[in-house]
Amino acid sequence: MSLSLSEWLARLEARHARAIELGLDRVGVVWRRLALVPDFPIVTVAGTNGKGSVCAYLESVLAEAGYRVGRYTSPHILRFNERIRLAGRAAADAEIAVALDAVEAVRGEVALTYFEHTTLAAMWLFCRQGMEVAVLEVGLGGRLDAVNLFDADCAVVTQVDLDHMDYLGPDRAAIGFEKAGIFRAGRPAVCADAEPPASLLEHARSLGTRLLRIGVDFRAEPGAADWLCRVGERVYPALPFPAMAGRHQIDNAAAAVAALDCLHVRLPVPVAALRQGLARARLPGRFQVIGQAPLRILDVAHNPHAARALAANLAALGGGGRKLAVFAMLADKDAAGVVDALAGQIDRWHLAGLAGPRGRSGAELAALCAARGLDHELHGEVGAAWRAACQEAGGLIQLRPSDPSTRLPKSWRCYRIQHKMAETSPSADELLLRRRARRRLVGAVALALAAVVVLPMVFDPEPRPLGDKVDIRIPDQNTAFRAAPVAAPTAAAETAAPEAAGTEPAPAEVASPAPKPEPKPEPKKPVSKPEAKKPEVKKPEPAAAAVKPAAPEAKPVAAEAKPAGTYFLQLGVFSSQANAEQMIAQAKAAGFKASAMRVGSQFKVRVGPIAQRDKAVDYQAKLKAKGLDNVLVEP
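Everything quoted here is computed from the prediction, not taken from an experiment.

Calculation rules
- Residues numbered from 1 in each chain as written.
- Predicted model: local features only at pLDDT ≥ 70, side-chain atom pairs only at ≥ 80, totals over all residues.
- Heavy atoms only, no water.
- Helix = DSSP H or I, 4+ residues; strand = E, 2+ residues; numbered from the N terminus.
- Buried < 20%, exposed > 50% of the residue type's maximum accessible area, 1.4 Å probe, protein only.
- Contact = heavy atoms within 4.5 Å.
- Areas by Shrake-Rupley, 256 points an atom, 1.4 Å probe, with all protein chains shown as cover.
- Pairing = 2+ DSSP bridges.
- Axes fitted to C-alpha atoms, helices over the stretch in contact; angles between N-to-C directions.
- Parallel < 35°, antiparallel > 145°, perpendicular 65-115°, else oblique.
- Left-handed = near helix turned anticlockwise from the far one by under 90°.
- Nonpolar A, V, L, I, M, F, W, Y, C, P; charged D, E, K, R; others polar.
- Salt bridge = Lys/Arg side-chain N within 4 Å of Asp/Glu carboxyl O.
- Core = buried A, V, L, I, M, F, W, Y, C linked by side-chain atoms within 4.5 Å.
- pLDDT = per-residue confidence, 0-100.
- Phe/Tyr/Trp six-rings, centres within 6.5 Å; stacked < 30°, edge-to-face > 60°.
- Lys NZ or Arg CZ within 6 Å of the ring centre and 35° of its normal.

J.: Can you help me understand the overall build of the protein chain in this one?
T.: Looking only at helices and strands, the protein chain features 18 helices and 22 strands. For the protein chain, the residues scored as buried account for 50% of the 635 residues in total. A separation of at least 24 residues holds for 72% of the contacts in the protein chain among residues at least 6 apart in sequence. Surface exposure of the protein chain reaches about 29,100 Å², of which carbon and sulfur atoms provide 56%.

J.: Mind showing me how you'd approach the pairing of strand 2 (residues 69–72) here?
T.: Two faces belong to every sheet, and in a regular strand the side chains alternate between them. A two-sided burial pattern is seen for strand 2, the buried positions comprising Val69 and Arg71 on one face and Gly70 and Tyr72 on the other. Here three bridges tie strand 2 to strand 3 (residues 84–86), and the two strands are oriented antiparallel to one another. Within the sheet, the bridge partner assigned to Arg71 lies in strand 3 and is Arg85.

J.: Looking at this structure, I do not really get the packing of helix 3 (residues 51–64) against helix 10 (residues 271–280). What am I missing?
T.: Helix-helix packing: each pair is described by the crossing angle between the helix axes and the interaxial distance. Running from N to C, helix 3 and helix 10 point in directions that differ by 140 degrees, and their axes come no closer than 8 Å. Taken together, the axes of helix 3 and helix 10 are oblique relative to one another. Our pair here, helix 3 against helix 10, has a crossing hand that is right-handed. Only Ala273, Leu274, Gln276, Gly277, Leu278 and Arg280 of helix 10 make contact with helix 3, whose side of the interface consists of Tyr57, Ser60, Val61 and Glu64. By residue class, the composition of the contact of helix 3 with helix 10 is five nonpolar, three polar and two charged.

J.: What exactly am I supposed to notice about helix 12 (residues 335–342) here?
T.: In an α-helix, one turn spans 3.6 residues, which is why side chains three or four residues apart end up on the same side. Among all positions in helix 12, only Ala335, Gly337, Val338, Val339 and Leu342 are buried. Packing partners of the buried residues in helix 12 comprise helix 11 (304–317), strand 14 (324–327), strand 15 (348–351) and helix 13 (362–371).

J.: Help me understand the pattern of salt bridges in this model?
T.: Side-chain pairs of opposite charge can arise where the charged atoms are in close proximity. With the rule as written, the count across this model stands at 28 salt bridges. The residue Arg26 makes a salt bridge to Glu116 at a minimum N-O spacing of 2.9 Å. You can see Arg26 sitting in helix 2 (residues 25–34) and its partner Glu116 sitting in helix 5 (residues 114–128), a full 90 residues away along the chain. Since its relative accessible area comes to 22%, Arg26 is described here as partly exposed. Put simply, Arg322, Arg348, Asp375, Glu377 and Glu392 are held in one network by salt bridges that share partners.

J.: Even after reading the chapter, I still don't get the nonpolar core, so can you show me in this structure?
T.: Inside soluble globular proteins, nonpolar side chains tend to come together where they are buried. Counting 57 residues, the largest nonpolar core has Ile84, Leu120, Phe126, Leu136, Phe183 and Leu200 as the members making the most contacts within it. Per-element tally for this core: the top contributor is helix 5, with nine residues. Sequence-distant contacts of Leu136, defined by excluding residues within four places in its chain, comprise Ile42, Val43, Thr44, Val45, Cys55, Tyr72, Met123, Phe126, Val147 and Phe150. Counting 46 residues, the second largest nonpolar core, distinct from the first, contains Val54, Tyr67, Leu263 and Ala273.

J.: Any chance you could explain helix 10 here in plain terms?
T.: Where burial is concerned, most of helix 10 is hidden: seven out of the ten residues are buried. Among all positions of helix 10, only Val271, Ala272, Ala273, Leu274, Arg275, Gly277 and Leu278 are buried.

J.: What should I look at first to understand the sheet that holds strand 22 (residues 631–633) in this one?
T.: Paired through their backbone hydrogen bonds, the strands of a sheet run either parallel or antiparallel. Pairing in this open sheet of four strands is antiparallel, and the strands run 20-21-19-22 from one edge to the other. This sheet does not close on itself; its edge strands, each paired only once, are strand 20 (594–599) and strand 22. Taking each pair of neighbouring strands and ignoring which way they run, the sheet shows an average axis angle of 40 degrees. Summarising the sheet, strand 19 (residues 567–574) and strand 22 pair through three bridges and their orientation is antiparallel. Across the sheet, Phe568 pairs through a bridge with Val633, a residue of strand 22. Helix 18 (residues 613–625) rests against strand 19, strand 21 (602–610) and strand 22 of the sheet, and its axis sits at about 40 degrees to strand 19.

J.: Whenever I open this one, the environment of Ala259 confuses me. Can you help?
T.: Residue placement: Ala259 occurs in helix 9 (residues 247–262). By relative accessible area, which is 0% here, Ala259 ends up buried. On a C-alpha basis, the gap between Ala259 and Cys154 in space is 6.5 Å, while along the polypeptide they are 105 residues apart.

J.: What is the right way to read the sheet that holds strand 9 (residues 218–222) from this model?
T.: Strands sit in the order 9-10-11 across an open sheet of three strands; the sheet is antiparallel. Edge positions in the open sheet fall to strand 9 and strand 11 (234–239), since each of these has one partner strand only. Direction aside, the axes of adjacent strands within the sheet are offset by 15 degrees on average. Two elements, strand 9 and strand 10 (residues 227–231), share five bridges in a ladder whose sense is antiparallel. Bridging from a neighbouring strand, Phe218 pairs with Val231 of strand 10. On the sheet, helix 9 packs against strand 9, strand 10 and strand 11 and is oriented at approximately 135 degrees with respect to strand 9.

J.: Explanation requested: the confidence of the model for the protein chain in the structure shown.
T.: Regions with low pLDDT should not have their predicted coordinates read in detail. Taken residue by residue, the protein chain gives an average pLDDT of 77. The fraction at 70 or more is 72%. Below pLDDT 50 for its whole length, residues 395–427 participates in 105 contacts with residues either more than four positions away or in separate chains. Considering only residues more than four positions removed or in separate chains, one finds that residues 437–510, a stretch of pLDDT under 50, has 110 contacts.

J.: Help me out: how do you make sense of the packing of aromatic side chains in this one?
T.: Two aromatic rings are characterised by how far apart their centres lie and by the angle between their planes. Taken as a whole, this structure holds four aromatic pairs when the rule is applied. Here the aromatic rings of Trp31 and Phe150 are separated by 6.2 Å at their centres, their planes lie at 85 degrees, and the arrangement is edge-to-face. Residue Trp31 is located in helix 2, and its partner Phe150 is located in the loop between strand 5 (133–137) and strand 6 (154–157); the two are separated by 119 residues in the primary sequence. Where Phe327 meets Trp349, the ring centres are 5.3 Å apart and the plane angle is 75 degrees; that geometry is what we call edge-to-face. Residue Phe327 is located in strand 14, and its partner Trp349 is located in strand 15; the two are separated by 22 residues in the primary sequence. In terms of burial, Phe327 and Trp349 fall into one category: buried. In this arrangement the basic side chain of Arg11 is found over the ring face of Trp8, its NZ or CZ atom lying 5.5 Å from the centre. It is Arg606 that lies over the ring of Phe568; its NZ or CZ is 3.9 Å from the centre.

Now the structure itself:
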């Protein structure tokens, strides 16, 4: 009889003598027995801090682009299911239990830790559930972590700082080498640490890894209302500020953008999806504001580096109110370093101890605060400290024992929260503001419809028919549709297309948004060579969605015989028509005309035919210079 998820987790917690035992030998045996060979791209994220946020940005953007994303992270806050996400949702209890059964069926005599068993179960689920891309967060370190069984198509290392030194080494050099262990030879990697350890850089060089460094190969440039990200010669402009607060979150988002840029051929993402995904990404406990008047914040910072980022966020809040903290920490964490980082921002500390083999007593924390002359109060357990802080905030909330805002979850695994107060329900003032905002939004939409639909009808009661060559643009969606379908391009037209590809747009416009439409777009006049323009990309749809009619350049055609003596430059092979259309749009934005040829259930995107080989080789180099990897197909 199969176990329930809760029964499985209890068994895993009790089975292995050590909760952490790094190394790939044991778990590798079970992995090979499972025959887990993912056929989808994998992005692996390691780092002392920020890796969870980068995973959240990656999942959100890729989901907005229409991909089925599997995300595996740790630890969880309330439920184990948070660790395994399938296409935008947490995996169900029954799904996880079946996956754990599958691992157990082949485990045999091999002892696996809790993390190793659940890591294999997560990948088993991703393979069975038809994920199109996986985002994996390293549990500890990198080189010897179970997640590192799976080769990353792009690896990301966020910040490298001191934590878990009992396992990873005594300094940044040792820790950096462990985290660089997720790099793979000949594959891209991203580093979001502005001053990475030399050990990390040397390991990348020894492998031949193409390493993109923040501040060198990519950078975030914040403005007054938005920010832009430069990755090499490409620019991603007008990006919304992340919902997760802090300057460091912009760097985390930039690391995600750089990783997506590395994979843009295999996983094309429209700029509109990039913007939506960055704006919608959320992760609990990252300077999470859960209430106002007074402001209540949750944060899981658990080492000095993260505490300094939290202190910077608290300082940026301004105001003259007192700041209260609920503080508890594991014994293997640098509690003194955390207290020192936050001492200047906290007026009073509510302290509590933690039970368990890794727990630290409240008395130890009280001694740390007393030695530094900090105002503090010791409580019997974290829940009592939480309630005391709420009461000290002025009695503005009537506390009830059943109110979740007065309790910390029993299964909270990040163990440390700084906050001023806690409440999960919005106030009456907040609800009123939300209702007013909705009314204003409705009014704004009505005005926009009047401007776009009614006024043109008043001034032009008999609208002119659109020509076949007129692009209808949707603002900020980077999408173009034709007014009417046209016949598939002839072989002669395709042959001429590469000749027009020599016109190259300015590098800074490669990822720039499409211009806003004029009320009455004028038909384009045909020219011998296309002018450089900003990319027009179409958001890919999930494989299960109905396929929309393709634009003329993106229209797949039946498999046809290749003219004798001609060459093609193949940009990729896709199982989704929407993804093929996206690749065609990217080629068009770079000044090349591409088409899709359907072969069975797949779509081959190519430039050509090209009559002469030397010209084909020349175009191949130009495409690669634009970041479009391709393969020369000879007759």
